[in-house]
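The chain contents come next:
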Amino acid sequence: MAKAREGGPIVVLGSGMAGGVAVKTLREEGYGGRLVLIGPEPTLPFGRPPLSKTYLRGEEQLSGWLVNPPGWYAENDVELVAATAIRLDTAARRVELDSGEAVGYAKLLLTTGGRNRRLEVAGAGLAGVHQLRTVAECDSIKNAVRAGGRAVVVGMGFIGSEVAASLRQLGMEVIAVLPGGAPLETVLGAEMAEVMAGIHRDAGIELITQDQVVRFEGAARVERAVTKIGRRLDCDLAVVAVGIQADVEILKGTEVAVDNGVVVDARCQTNISEIFAAGDVANHLHPLFGRIRVEHYNNAEKQGAAAARSILGSTAGYGYLHTFWSDQYEHKLEYVGHVRRWDEFVVRGSTRNRKLVGFYLAEGVLRAAVGLDRGGDPELDEHGEMAAAGRLIARGARPSPAALADDDQDLDRL
Ligand SMILES: Cc1cc2nc3c(=O)[nH]c(=O)nc-3n(C[C@H](O)[C@H](O)[C@H](O)COP(=O)(O)OP(=O)(O)OC[C@H]3O[C@@H](n4cnc5c(N)ncnc54)[C@H](O)[C@@H]3O)c2cc1C
């Protein structure tokens, strides 16, 4: 790879996972020029997964989730700037910050991630109605948790499902309101979503499906959520988890192409040659899955590194076979591949026992697989069924559904 040992400056905008990994990779790959990492969060780059799980439940601190140790930035001459960029001037190649400063760049990496979608309903601003993305938001949920108290969780995607599980584990009564028929239905499909619904119900969560919160009520703070069909759900706190949108605020008025995130090519490069993007914000061109934007930790990590290498001249495309995981109660969900529409879902194992690997086929091609307490981590357990499923997905295999469902068939031989 051509290494730009000096030159620069390189500015990384957004000090989350992707930004933290990018600066690390730039230094590891030998870039020795000026390197600036800008972001408003008071935390050093870290992984957010524990915020809905172990950290929320008070079981773990975040030190193990830091991308780089605290001293690493000074030792590696990475300038940390605590600010939000409010304007990008692509002609002058500089970003203007809310602190009044401006920083010039030769190359710019956008790792601005996502911001929580707001629920635009009356009372959403009441005290006790929470969102979750940052440590501060997690801490305020933690402070509001009272065993025996009652929480309403709005939305049962990954964050909603994990928060609902954690609040339940902390002894709260939890009511979850969701527009679909079951948790995670859009991502995992109806059959898996029913399995997840069973898990939550058995844990004591009341699931209110096919409904939505239209209003929060309360005097000084939230006292209840009111739903479309008129249910009045008394609560001590509410957590709104209705998804994120790519944070492209800084690109308003610029010619950087935006369409469901920052549009980048296979090298993580935008339509402006010196500007790149990675992580939750990047709508990237994947060799297998086409144009996609994903909101997962493993992608932020791998793509942050890939974008850094592209900035230094690598011509390798980013073709990571996407993976992610979710922890809910004692259950572990693993996922490999990517699919939004499929025509067949094949189960190996048992939905009744909640131990299975599920395969998603579109026109006969295996595009994704999900493991629930079975199949191992597709990244770490190379002999596991999930890793084998990943190998099938990578080669565009068309395995027979009967063989996929058959416990005795070695997936690597299909
Ligand atoms: C509670 C929670 C639990 C999760 N659990 C899992 C999990 O179990 N498994 C999994 O795969 N994924 C999980 N994720 C998703 C994962 O955390 C994200 O995919 C990952 O954080 C994306 O990293 P990122 O660096 O792209 O963006 P972010 O982490 O969103 O970081 C972006 C940063 O950019 C900053 N920024 C935005 N605009 C500007 C600007 N104009 N100027 C300067 N800075 C700016 C933001 O403040 C932020 O600090 C979870 C997410 C959350 C919130």
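Structure first, text after, so check above.
Quick summary incoming for the structure in this document.

Parameters at a glance
- Residues numbered from 1 in each chain as written.
- Predicted model: local features only at pLDDT ≥ 70, side-chain atom pairs only at ≥ 80, totals over all residues.
- Heavy atoms only, no water.
- Helix = DSSP H or I, 4+ residues; strand = E, 2+ residues; numbered from the N terminus.
- Rg over C-alpha atoms; globule rule 2.2 N^0.38 Å.
- Buried < 20%, exposed > 50% of the residue type's maximum accessible area, 1.4 Å probe, protein only.
- Areas by Shrake-Rupley, 256 points an atom, 1.4 Å probe, with all protein chains shown as cover.
- Lys, Arg positive; Asp, Glu negative; His and termini not counted.
- Charge placed at Lys NZ, Arg CZ, Asp CG, Glu CD.
- Contact = heavy atoms within 4.5 Å.
- Polar contact = N/O pair within 3.5 Å; in protein donor to acceptor, adjacent residues only side chain to side chain.
- Near = heavy atom within 4 Å.
- Nonpolar A, V, L, I, M, F, W, Y, C, P; charged D, E, K, R; others polar.
- Domains from an automatic or database assignment.
- Pairing = 2+ DSSP bridges.
- Axes fitted to C-alpha atoms, helices over the stretch in contact; angles between N-to-C directions.
- Salt bridge = Lys/Arg side-chain N within 4 Å of Asp/Glu carboxyl O.

## Looking at the overall build of the chain
Stage number 1. When you go through the chain residue by residue, the secondary structure sums to nine helices and 26 strands.
Stage number 2. Relative to the compact-globule value of 22 Å for 414 residues, the chain shows a C-alpha radius of gyration of 22 Å, a close match.
Stage number 3. For the chain, buried positions account for 55% of its 414 residues.
Stage number 4. Summed over all atoms, the accessible surface of the chain reaches about 17,400 Å², with 47% contributed by carbon and sulfur.
Stage number 5. Each charge class in the chain was averaged separately, 46 positive and 54 negative side chains, and the resulting centres sit 2 Å apart.

## Some thoughts on the environment of G337
Stage number 1. Along the polypeptide, G337 turns up in strand β23 (residues 331–337).
Stage number 2. When the C-alpha atoms of G337 and I159 are compared, they prove to be 20 Å apart, with 178 residues separating the residues in sequence.
Stage number 3. Leave out the neighbours within four places in its chain, and G337 touches F289, H322, R367, A368 and I393.

## Let's talk about the environment of D407
Stage number 1. Note on placement: D407 falls in the segment after α9 (401–405).
Stage number 2. Each C-alpha atom, one on D407 and one on V129, is 46 Å from the other, the two residues being 278 residues apart in sequence.
Stage number 3. Not counting the four nearest positions on each side in its chain, D407 is found in contact with R348, G349 and R374.
Stage number 4. Among the polar contacts listed, one links the side chain of D407 to the side chain of R374, at a separation of 2.6 Å.

## A look at the site of the ligand
Stage number 1. Around the ligand, a shell composed of 35 residues is seen, among which E41, R48, K53, R133 and D280 lie nearest.
Stage number 2. One of the backbone nitrogen or oxygen atoms of H296 is found 3.1 Å away from an oxygen atom of the ligand.
Stage number 3. A distance of 3.1 Å is found between a nitrogen atom of the ligand and a backbone nitrogen or oxygen belonging to W325.
Stage number 4. For the ligand, the protein covers 94% of the area, taking 1,000 Å² as the surface of the free molecule.
Stage number 5. Of all the secondary-structure elements, those providing two or more residues to the shell around the ligand are α1 (17–28), β2 (35–39), α4 (158–169), α7 (297–311) and β22 (323–328).
Stage number 6. Residues of the shell around the ligand, tallied by class, amount to 15 nonpolar, twelve polar and eight charged.
Stage number 7. Taken together, domain 1 (10–115 + 245–311) and domain 2 (129–242) each give at least three residues to the shell around the ligand, which thus spans both.

## With respect to unusual backbone geometry
In most cases, non-glycine residues show a negative phi, while peptide bonds are predominantly trans.
Stage number 1. Phi at Q210 takes a positive value of approximately 50°, unusual for a residue other than glycine.
Stage number 2. One non-glycine residue, D373, lies in the positive phi region at around 50°.
Stage number 3. Note that D373 resides in the loop between β26 (365–372) and α8 (385–394).

## Details of the sheet that holds β26
Stage number 1. As summarised here, the arrangement of the five strands in space is β22-β23-β26-β25-β24, forming an open sheet in which the pairing is antiparallel. One side of each edge strand has no neighbouring strand; the edge strands of this open sheet are β22 and β24 (344–350). Neighbour-to-neighbour, the strand axes of this sheet turn through a mean angle of 15°, independent of strand direction.
Stage number 2. Both β24 and strand β25 (residues 355–362) contribute to a ladder of seven bridges, which runs antiparallel. Opposite R348, over in β25, you have V357 as the bridge partner.
Stage number 3. In the packing of α4 onto the sheet, contacts are made with β22 and β23, and the angle to β22 comes to roughly 25°.

## Overview of the pattern of salt bridges
Stage number 1. Taken as a whole, this structure holds 27 salt bridges when the rule is applied.
Stage number 2. With a closest N to O distance of 2.9 Å, K53 and E162 form a salt bridge. A residue pair is termed long-range when its members are at least 10 positions apart, and K53 in the loop between β2 and α2 (72–75) and E162 in helix α4 qualify at 109 residues.
Stage number 3. The exposure class assigned to E162 is buried, which follows from its relative accessible area of 4%.
Stage number 4. When the shortest N-O distance is used, the salt bridge between R224 and E223 registers 3.7 Å.
Stage number 5. By relative accessible area, R224 is classed as buried at 18%.
Stage number 6. For E223, a relative accessible area of 35% puts it in the partly exposed group.
Stage number 7. Put simply, R215, E217, E223, R224, R232 and D234 are held in one network by salt bridges that share partners.

Function cannot be read off these values alone, since they describe shape.
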